[in-house]
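# Residue-level structural notes
Listed below are the residues making up each chain.
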Amino acid sequence: MRGPGTWWRGKSTPAKVETYTRASFHFFAVSELAGVGLPVIGRIGSWPGAVLMLLVCAHAATCMLTVSRSVDWVRGRREQPVRLMCTLGAFTAAVAVTALAISEYGPKGDGIDSAAGSVFGVAMIFGMGIIALGVKVRRHVYAVVAGFAAGTGLIVAALTRSPLGALVTAVIVLLAGGFLAFTAVFSVWLLRSVYELDEARETRARLAVAEERLRFGRDLHDVMGRNLAVIALKSELAVQLARRGRPEAVEQMIEVQRIAQESQREVREVVRGYREAELGTELSGAHGVLTAAGIECEISDPTTGLPAQVQSALGWVVREATTNVLRH
């Protein structure tokens with residue numbers, strides 16, 4: 001029976017980091033909806049609360065969609081979601097302006113001002129941070145943060161006619177949104193780095209296999225190359241002698257037979273050296289290769305005391321199993 005723990009353990013390390021990144025930024029949207037959107041109706045009530053609630057729901061849904069599309073873009077699965085990020089920016093501005101307008105010109109009361117202010121600040125900060133998740137160039141991230149902070153100051157100044165309040169609000173949005181944007185940039189960098197490291201490990205494992213194949217090919221070439229050349233020359237000489245009726249042709253063919261048997265023996269030695277394996281050495285090598293490929297591997301039982309033939313057979317099993325794990 002598969003459970004949540006099995007599902008999580010079945011993921012590779014890069015997949016776990018990707019899942020964690022998605023869940024973390026989706027949590028921001030959920031917390032916006034639960035922590036800011038739902039209390040709005042209770043504090044404001046009537047039509048102002050309904051309008052703000054609808055805007056917060058639309059903003060949170062757009063944030064979730066932007067997170068998913070941005071992470072897919074980071075992984076190279078789709079194009080950069082520029083239009084979606086612009087839509088999120090427009091929703092963020094609409095929520096901020098509406099919340100501030102209700103606070104200034106709507107029903108009066110401390111609860112109204114507090115709820116509208118929470119919607120205004122959270123929408124601006126979360127919107128900025130999630131948009132930064134889909135921006136690649138660092139100076140563009142700086143431009144997004146500065147633009148949101150400046151826009152916040154202009155909106156507050158235009159609706160409240162308070163320069164000091166506009167400056168304080170802009171600084172708060174700059175610091176909080178900048179921190180969230182930095183978190184988004186760091187998360188994207190970490191996700192890319194983990195996948196690049198995983199690809200490097202796979203490449204190193206493939207190179208190790210290719211190097212072993214090249215070593216075996218070199219050994220086989222060193223054994224067979226010279227002997228085959230001698231066999232070819234002596235066979236040609238034997239043919240020429242046989243055509244002339246010379247008895248030396250028999251001696252040359254006997255020499256060819258000897259060289260062929262010697263080559264066969266040497267090839268068997270090369271193959272035997274490749275196929276025979278010591279169990280401890282194979283387990284150590286399998287642990288290193290699997291660990292390099294990002295696969296958890298643990299050796300717990302001792303291998304001493306087994307006969308040499310048993311260790312050789314088990315070593316071959318370990319080698320084949322390791323190859324199958326890397327392949328599949």
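Further up the page is the structure itself.
The present account deals with the structure reproduced in this document. (Residues numbered from 1 in each chain as written. Predicted model: local features only at pLDDT ≥ 70, side-chain atom pairs only at ≥ 80, totals over all residues. Heavy atoms only, no water.)

### Concerning the overall build of the protein
Along the protein, the regular secondary structure elements total 10 helices and 0 strands. When the helices and strands of the protein are placed in sequence order, the string is α-α-α-α-α-α-α-α-α-α. A total of 328 residues make up the protein; the buried ones form 34% of that total. The long-range share in the protein, meaning contacts at least 24 apart out of those at least 6 apart in sequence, stands at 74%. Just so you have it, the protein exposes about 19500 Å², and 62% of that area is on carbon and sulfur atoms. (Helix = DSSP H or I, 4+ residues; strand = E, 2+ residues; numbered from the N terminus. Buried < 20%, exposed > 50% of the residue type's maximum accessible area, 1.4 Å probe, protein only. Contact = heavy atoms within 4.5 Å. Areas by Shrake-Rupley, 256 points an atom, 1.4 Å probe, with all protein chains shown as cover.)

### Focus: helix α4 (residues 82-105)
Its 24 residues place the ends of α4 34 Å apart at the C-alpha level, agreeing with the 34 Å of an ideal helix rising 1.5 Å per residue. Every buried residue of α4 is accounted for by Leu 84, Met 85, Leu 88, Thr 92, Val 95, Ala 96, Ala 99, Leu 100, Ile 102 and Ser 103. (Expected span 1.5 Å × (residues − 1).)

### Here we look at the side chain of Glu 18
One can find Glu 18 in helix α2 (residues 13-44). Residues within four places of Glu 18 in sequence aside, it is in contact with Val 71, Arg 75, Arg 77, Leu 191 and Tyr 195.

### Some details on the pattern of salt bridges
Throughout the structure, instances matching the rule amount to 8 salt bridges. Salt-bridge contacts for Glu 18 lead to Arg 22; the nearest nitrogen and oxygen are separated by 3.1 Å. Residue Glu 18 and its partner Arg 22 are located together in helix α2, separated by 4 residues, close to a single helical turn. Here Glu 18 matches Arg 22 in class, with each residue buried. The residue Arg 77 makes a salt bridge to Glu 18 at a minimum N-O spacing of 2.7 Å. Of this pair, Arg 77 sits in the loop between α3 (46-74) and α4 while Glu 18 sits in helix α2; the two residues are 59 residues apart in sequence, bridging distant segments of the chain. In this structure Arg 77 comes out as partly exposed when scored by relative accessible area, which is 47%. When salt bridges with common partners are traced through the structure, they connect Glu 18, Arg 22, Asp 72, Arg 75, Arg 77 and Arg 78 into a single cluster. (Salt bridge = Lys/Arg side-chain N within 4 Å of Asp/Glu carboxyl O.)

### Let's talk about the environment of Thr 98
Of note, Thr 98 is situated in helix α4. Sequence separation of Thr 98 and Val 51 is 47 residues, and the distance between their C-alpha atoms is 8.5 Å. With sequence-adjacent residues up to four places away left out, Thr 98 is seen in contact with Val 51, Leu 52 and Leu 55.

### Some words on a nonpolar patch on the surface
Among the surface-exposed residues, Leu 164, Leu 167, Val 168, Val 171, Ile 172 and Leu 175 lie close enough to one another that they form a single nonpolar patch of about 590 Å² accessible area. Inspection of the secondary structure assignment puts Val 168 in helix α7 (residues 163-243). (Patch = residues over 30% accessible without salt bridge, like charges linked within 9 Å, V, L, I, M, F, W, Y side chains within 5 Å.)

### Some details on the nonpolar core
One finds Val 119, Phe 120 and Leu 133 to be the most contacted residues of the largest nonpolar core, which totals 46 residues. Those elements giving two or more residues to this core turn out to be α2, α3, α4, α5 (110-132), α6 (138-160) and α7. Not counting the four nearest positions on each side in its chain, Leu 133 is found in contact with Phe 25, Val 67, Ser 70, Val 71, Trp 73, Val 74, Ala 184 and Val 188. (Core = buried A, V, L, I, M, F, W, Y, C linked by side-chain atoms within 4.5 Å.)

### Some words on the packing of aromatic side chains
For any two aromatic rings, the description comes down to two numbers: the centre-to-centre distance and the angle of the planes. In the structure shown here, the tally under the stated rule is 4 aromatic pairs. Taking 5.6 Å as the distance between ring centres and 70° as the angle between the ring planes, the aromatic pair formed by Phe 25 and Phe 28 counts as edge-to-face. Of the two residues, Phe 25 and Phe 28 are both situated in helix α2; the distance of 3 residues between them amounts to about one turn of the helix. Summarising the aromatic geometry, the rings of Phe 28 and Phe 126 are spaced 5.4 Å apart at their centres and angled 50° between planes, so their arrangement reads as tilted. One end of the pair, Phe 28, is in helix α2; the other, Phe 126, is in helix α5, and 98 residues separate them in sequence. A residue is classified by how much of its surface remains accessible, and Phe 126, at 16% relative accessible area, is buried. For Arg 75, the ring lying beneath its charged end belongs to Tyr 195, and the centroid distance is 3.3 Å. (Phe/Tyr/Trp six-rings, centres within 6.5 Å; stacked < 30°, edge-to-face > 60°. Lys NZ or Arg CZ within 6 Å of the ring centre and 35° of its normal.)

### Observations regarding the packing of α4 against α6
Viewed as axis vectors pointing N to C, α4 and α6 meet at an angle of 25°, and their least axial separation amounts to 10 Å. Our classification of the angle between α4 and α6 gives roughly parallel. Here α4 runs over α6; the crossing is right-handed. Along its contact with α4, which presents Thr 92, Val 97, Leu 100, Ala 101, Glu 104 and Tyr 105, the element α6 presents Phe 148, Ile 155, Val 156, Leu 159 and Thr 160. (Axes fitted to C-alpha atoms, helices over the stretch in contact; angles between N-to-C directions. Parallel < 35°, antiparallel > 145°, perpendicular 65-115°, else oblique. Left-handed = near helix turned anticlockwise from the far one by under 90°.)

### Things to note about α6
In a regular helix each residue adds 1.5 Å, so 23 residues correspond to 33 Å; α6 covers 33 Å between its end C-alpha atoms and thus fits that length. All buried positions along α6 are accounted for by Val 141, Val 144, Val 145, Phe 148, Ala 149, Thr 152, Gly 153, Ile 155, Val 156 and Leu 159. At the exit of α6 stands Arg 161, carrying a positive phi of roughly 55°.

### Focus on the environment of Gly 127
Locating Gly 127 in the fold gives a position in helix α5. Since its relative accessible area comes to 0%, Gly 127 is described here as buried. The spatial distance from the C-alpha of Gly 127 to the C-alpha of Phe 148 is 9.1 Å, given a sequence separation of 21 residues.

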